[in-house]
Amino acid sequence: MLRKRGSQEQLVDREVLLDLDYTGEPQSATDSYGSLQNGSFIPPRFLTAANGDDDDDPIYTHSYNPQTEPITPPKGNYFKDGKTKIDFVLVWEVKSRRKRRSRGKSQGGAEEGAAEEAAQEESRSEKKRAMQARLRERFIHHLQNAGLLLEKEESSSAKKTIHYLKLSAPWDVLIYYAEELCLRAPLQAQPYPEFNTSARVLEKLYVPNVMADSVPNRPVDYYTCAFRKSKMDKFLGSENQETYFTNTQRHRIVYEILARAPYGKRKRAEVGVARLLNEGAFTAAFPLHEGPFELPDYEIQPEQLNQRQVLYHYWARWSKWYKYQPLDHIREYFGEKIALYFAWLGFYTAWLLPAALVGTFVFVSGIMTMSSNTPAKEICDSGGRYLMCPLCEMCKPWNISDICPMAKVGYLFDHPGTVFFSIFMSLWSVTFLEYWKRKNATLAHHWDCMDFHEEEERPRPEFAAMAPSMEHNPVTGVKEPYFPEKARISRMLTGSMVIVIMLCVVMIFLVTVIIYRSIVSVMMYETGSSVLRTQAGNIANISSSMVNLALILLMGQVYTALAEQLTKWEMHRTQTQYEDAFTFKVFIFQFVNFYSSPFYVAFFKGRFVGYPGHYGTLFGMRNEDCGMGGCLIELAEQLFIIMVGKQLINNMQEFVIPKVKAWRQKRALASVRKAQVSHEPQRWEQDYELIECEGLFEEYLEIVLQFGFITIFVAAFPLAPLFALLNNWAEVRLDAHKFVCEYRRPVAERAQKIGVWFTILEALSHLSVIVNAFLIAFTSEFLPRLLYQYKFDNELHGYVNFTLAYSPPSYYSNSSHSICRYKAFRDENGSYTLVYWELLAVRLGFIIAFEHAVFFVLRAIDWMVPDVPESLELKIKRERYLAKQALADNQEALLVSRLLASGPASDTPNKMRGACHEGKRPAEGGITKAGPDILSTDSSGTP
């Protein structure tokens, strides 16, 4: 007979759990946590209940007796009874006392001062360990009062003992917190929706879809509503207590208890397992993976694979690079937040395919039309006709025909097709974001997150530990740690000054790279080699780009660590506020860090050169000028090296670093493993050897920076989407392998969107329109050629001479220099010609026309593409109707029974009308995945 706890006892448990000032009497020696035997534990309250009722359910009086039960490890994540599920594991390590004593003896023979200092250090260490033990005991005492079942395991060696505390939530705890957390409950199964547009298109065309894969054990899709204990009979599967709640739901419930459970006083906000992890009382807290990821040696049916094996075999392997991602399986195993990241990454990668095809076509068309490039022909055929001015004070004049190869190659990155591709990518980026909003809405509805809003968040553990005072929370009315808003704003302003200083450091490094490039160019010219002299600009640009990439990666690591400390110092109350502030800081810095050099080459290099006899200088060196191939080819070289180099380095890091961390973790636990050779390692021991999940911040940042490269400077590098596509194919599998094979299982988190990253993507897409307009207008040769074709010659004959000016007489009359040419629209006195002003007007007019035309089309796309698909809106309405029909009779009967109980029968019609008029009829709200909940109850569980 299942013995339920009384409502009064349950209420006491809840008050104990939520009251940070609760100080219960210590348990007796026989029942206390310190008396736990390996693999057995009886919570005191349940032990008392068991003594009063012999028929109590063994799950509540969990005690494993090795004399009466066989010692055989159960299959799966269960307690030793083979029935109680393990929902969470807490781990802590204790160094062996024998080891510490031997160390103390060895130090006894040293000098007296050193021995005394070592003894003091040992004493401080002992006090810290004793304090951590007390914190653990208090914390676990509150977990017992919350109703969790506990079982302890130990793994010992000569050096240390590792304690594993396994936690399980019984049925009454699960249903209590399921209602409090508003978990979704299934009402009715529905057909699987098809989310892949490509699959629908291929099906209509009767083309075999090689990307489809038959993944076993796909989660069932349900119509759902918020869980209510009073409506259990309406929910599918509620008769089976073992399988009703999914493992991820059980993990969320237990983690909620762990996050709320206090271990000390309210005054110090000593609450939650996260802060205990920071204090060192626990070394790890994690839910367990669903068994090994490797497939067994024997043949097995796909339906018999565990969830982790399904994800590995059908998703994380490299051979599945061209298959659809099993998003429902990912969501079921890791939760909506991680599933949304992989859904967004896969959606973005799929949209890169048309962009890569168009970009490759534009690049190939440039190769095919290279022979028709008249200006390059004139340069190659000019011989000694155009004697160019020296590029440095010690250099000699040179013939423009020397740069014939660069003039031909420059056409690949500066031809009319690149203008078309810039417009295409501007439209592509906004269309991609609009359709992602539709995809996001569909997934949020499918995963029951469309109406999800984060609850009132608890203070972060670090905030609670460092806050100087306590104040009442205006929402909850509970006293909690408080930090004055004025002090926070003051710290944020100070942090902003640090950010500005770091950005100035980036600018200093940029100037250093510019000077390095100038020095290398001069060194190449001084060698006297004709090959090095003609390729001096390329050699300097490529080598400086590599140096710049190294500085970028170095500064990125330094600043990320600095931004983390600054964000902690700013004392943000909640984790969401902390993450948003940290994301903003890091992205602003990384934006300047990665894009400052391309911005300099695109818009500043060659703008402040001056003219012969009046050259501009920087630290005594002449300002840089663009090569005769134009600045776009130099920009393309920089983008290729920075973007592709960063991707290769990041992928190598993602492949190597987790393996190194895992090796270090296994090495640290090697002595314990050797001492346990007599038995096969258990699941919790194997998961403890994995590395802690590092979250999604670095993953999002890497892809968002990539999005900036393929949109902002796409006019100079049409192949950027192709390299991004190749990188993302590898990125999906690398990330999948990390989460499935190398990370401990993270706690499943709910999420409705990808958060602040979408706002950043929108800002980048709009910035790309402006940047590409200026890039085409001021950096490309497109408009000067267009003006020359309109005014002089449609075939561009004589264009090279048109773009070259003669050096002023003062330059060669007062020195040994002869008359030479340089690229500019100036007269013999160095003043700008009328053509320069005409061209400037054309450039400004192009920018205005380009931006207005593109932004108009973007607004039209935004208006024509609704954020929520029409089919989804109809589906939501249909679900509301079905939910009302399903529960209307029940709600009517319940309402009538209430009214009959509260007054005479003659008043019933009037009361019913009054109730409906006041909006009290529950069925009016509807039950949908996205709509309002009609099964709301008060705290007593009554509708």
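Just so you know, the residues in each chain are numbered from 1, in the order the chain's sequence is written. Only residues with pLDDT of 70 or above have their local features reported here, since the model is predicted, and side-chain atom pairs are shown and tallied only from 80 upward, although totals for entire chains, interfaces and linings are computed over all residues. As a rule here, side-chain values come from all non-hydrogen atoms in the structure, and water together with hydrogens is ignored.

Novice: Can you lay out the packing of aromatic side chains for me, pointing to particular residues and giving the numbers?
Specialist: Aromatic rings considered in pairs are described by the distance between their centres and by the relative angle of their planes. Each pair of aromatic rings taken from Phe, Tyr and Trp, with Trp reduced to its six-membered ring, is defined by centres within 6.5 Å and is described as stacked if the planes are under 30 degrees apart, edge-to-face if over 60, and tilted in the remaining cases. All chains considered together, the criterion is met by 62 aromatic pairs. With a centroid separation of 6.3 Å and an interplanar angle of 85°, the aromatic rings of Phe-594 and Phe-709 are classed as edge-to-face. Separated by 115 residues along the polypeptide, Phe-594 in helix H19 (residues 575-603) and Phe-709 in helix H23 (residues 697-712) bring together distant segments of the chain. The same class applies to Phe-594 and to Phe-709, which are both buried. A ring is considered to have a charge above it if a Lys NZ or an Arg CZ atom is located within 6 Å of its centre and within 35 degrees of its normal. Taking the ring centre of Trp-684 as reference, the NZ or CZ of Lys-166 above it sits at 4.1 Å. Taking NZ or CZ as reference, Arg-821 lies 3.8 Å from the ring centre of Tyr-806, over its face. Helix and strand definitions follow DSSP, with helices as H or I runs of at least four residues and strands as E runs of at least two, each counted in order from the N terminus. Each residue is placed in one exposure class: buried if its accessible area under a 1.4 Å probe, protein chains only, is under 20% of its type's maximum, exposed if it is over 50%, and partly exposed if it falls in between.

Novice: Tell me what's going on with the packing of helix H25 (residues 756-779) against helix H29 (residues 834-864), and back it up with residues and numbers.
Specialist: Axis lines are fitted to C-alpha atoms, over the contacting stretch for helices. Their N-to-C directions set the angle, which ranges from 0 to 180 degrees. Interhelical geometry of H25 versus H29 gives an angle of 155° and a closest axis separation of 9 Å. Classed by the angle they form, the pair H25 and H29 counts as roughly antiparallel. In terms of crossing hand, the pair formed by H25 and H29 is right-handed. Residues His-766, Val-769, Ile-770, Ala-773, Phe-774, Ile-776, Ala-777 and Phe-778 of H25 form the contact with H29, whose own contacting residues are Leu-840, Arg-843, Leu-844, Phe-846, Ile-847, Phe-850, Glu-851, Val-854, Phe-855, Leu-858 and Arg-859. Lys, Arg, Asp and Glu make up the charged group, whereas Ala, Val, Leu, Ile, Met, Phe, Trp, Tyr, Cys and Pro make up the nonpolar group; the residues left over, Gly among them, are polar. For the contact of H25 with H29, the residue count by class is 15 nonpolar, one polar and three charged. For this classification, under 35 degrees means roughly parallel, over 145 means roughly antiparallel, 65 to 115 means roughly perpendicular, and everything else is oblique. If you view the pair so one helix is near and one far, a crossing is left-handed when the near helix is turned anticlockwise from the far one by less than a right angle, and right-handed when it is turned clockwise. We call two residues in contact when some of their heavy atoms are within 4.5 Å.

Novice: Tell me what's going on with the pairing of strand S3 (residues 160-168), and back it up with residues and numbers.
Specialist: Within S3, nine of the nine residues are buried, which leaves it mostly tucked inside the rest of the structure. In this analysis, strands are considered paired if DSSP registers two or more bridges between them. Strand direction decides the pairing type here: strand S2 (residues 149-156) and S3, joined by eight bridges, are antiparallel. The partner of Glu-154 across the bridge, within S3, is His-163. Between S2 and S3, which follow one another and run antiparallel, lie three residues.

Novice: With reference to specific residues and values, describe the confidence of the model for the protein chain.
Specialist: For every residue, the pLDDT score states the predictor's confidence, bounded by 0 at the bottom and 100 at the top. When pLDDT is averaged along the protein chain, the result is 77; 78% of the residues meet or exceed 70. This stretch, residues 1-71, has a pLDDT under 50; its non-local contacts, to residues over four places away or in other chains, come to 120 contacts. Per-residue pLDDT stays below 50 along residues 904-943; that stretch engages in 83 contacts with residues further than four places along the chain or on separate chains.

Novice: Lay out the sheet that holds strand S1 (residues 88-95) in plain terms, naming residues and giving numbers.
Specialist: Pairing is antiparallel across the open sheet formed by four strands, whose spatial order is S2-S3-S1-S6. Taken across any chain shown, the strands that pair with only one partner, and hence form the sheet edges, are S2 and strand S6 (284-286). Looking at each pair of strands side by side, their axes are set apart by 20° on average, direction ignored. Across the sheet, helix H7 (residues 247-260) lies against S1 and S3, angled at about 50° from S1, the strand it touches most.

Novice: Account for the environment of Ser-780, with residues named and values stated.
Specialist: Mapped onto the fold, Ser-780 is located in the loop between H25 and helix H26 (782-791). Considering only alpha carbons, one finds Ser-780 and Ala-715, 65 residues apart in sequence, at a separation of 8.8 Å. Every residue in contact with Ser-780, bar those within four places of it in the chain, is listed here: Asp-414, Leu-632 and Leu-775. Separated by 2.6 Å, the side chains of Ser-780 and Asp-414 make a polar contact. For the purposes of these results, a polar contact is taken to be a pair of N or O atoms within 3.5 Å, where, inside protein, one atom must be able to donate a hydrogen and its partner to accept one; residues adjacent in sequence count only when each atom of the pair is a side-chain atom.

Novice: Could you give an account of the nonpolar core, with specific residues and numbers?
Specialist: Core analysis: the largest hydrophobic core is formed by 126 residues, its most contacted members being Trp-315, Phe-334, Trp-344 and Leu-635. The biggest single contributor to this core is helix H11 (residues 336-368), with 15 residues. Discounting residues that sit within four places of it in the chain, Phe-334 has contacts with Leu-311, Trp-315, Phe-739, Val-740, Pro-746, Ala-748 and Glu-749. Membership of the second largest hydrophobic core comes to 40 residues, among which are Leu-135, Ile-175, Cys-225 and Phe-227. In these notes, a set of buried Ala, Val, Leu, Ile, Met, Phe, Trp, Tyr and Cys residues joined through side-chain atoms within 4.5 Å is what counts as a nonpolar core.

Novice: Outline unusual backbone geometry, listing residues and values.
Specialist: Even without being glycine, Tyr-206 reaches a positive phi, approximately 60°. With respect to the helices, strands and loops of the structure, Tyr-206 is situated in the loop between helix H6 (197-204) and strand S5 (221-226). On the basis of relative accessibility, which here comes to 76%, the residue Tyr-206 falls in the exposed class. With phi around 60°, Asp-448 is a residue other than glycine that occupies positive phi space. In this fold, Asp-448 is placed in the loop between helix H14 (416-446) and helix H15 (461-466).

Novice: Explain the side chain of Ser-545 to me, using residue names and the numbers behind them.
Specialist: Mapped onto the secondary structure, Ser-545 falls in helix H18 (residues 536-569). Under the relative-accessibility criterion, Ser-545 is labelled buried at 0%. If sequence neighbours within four positions are ignored, Ser-545 has contacts with Gln-638 and Ile-641.

Novice: Give me the pairing of S1: which residues, what numbers.
Specialist: The pairing of S1 with S3 spans eight bridges and is classified as antiparallel. Bridge pairing links Leu-90 to Leu-165 in S3. Pairing analysis gives three bridges linking S1 to S6, with the strands arranged antiparallel. Pairing of Val-91 across the sheet is with Ala-284, part of S6.

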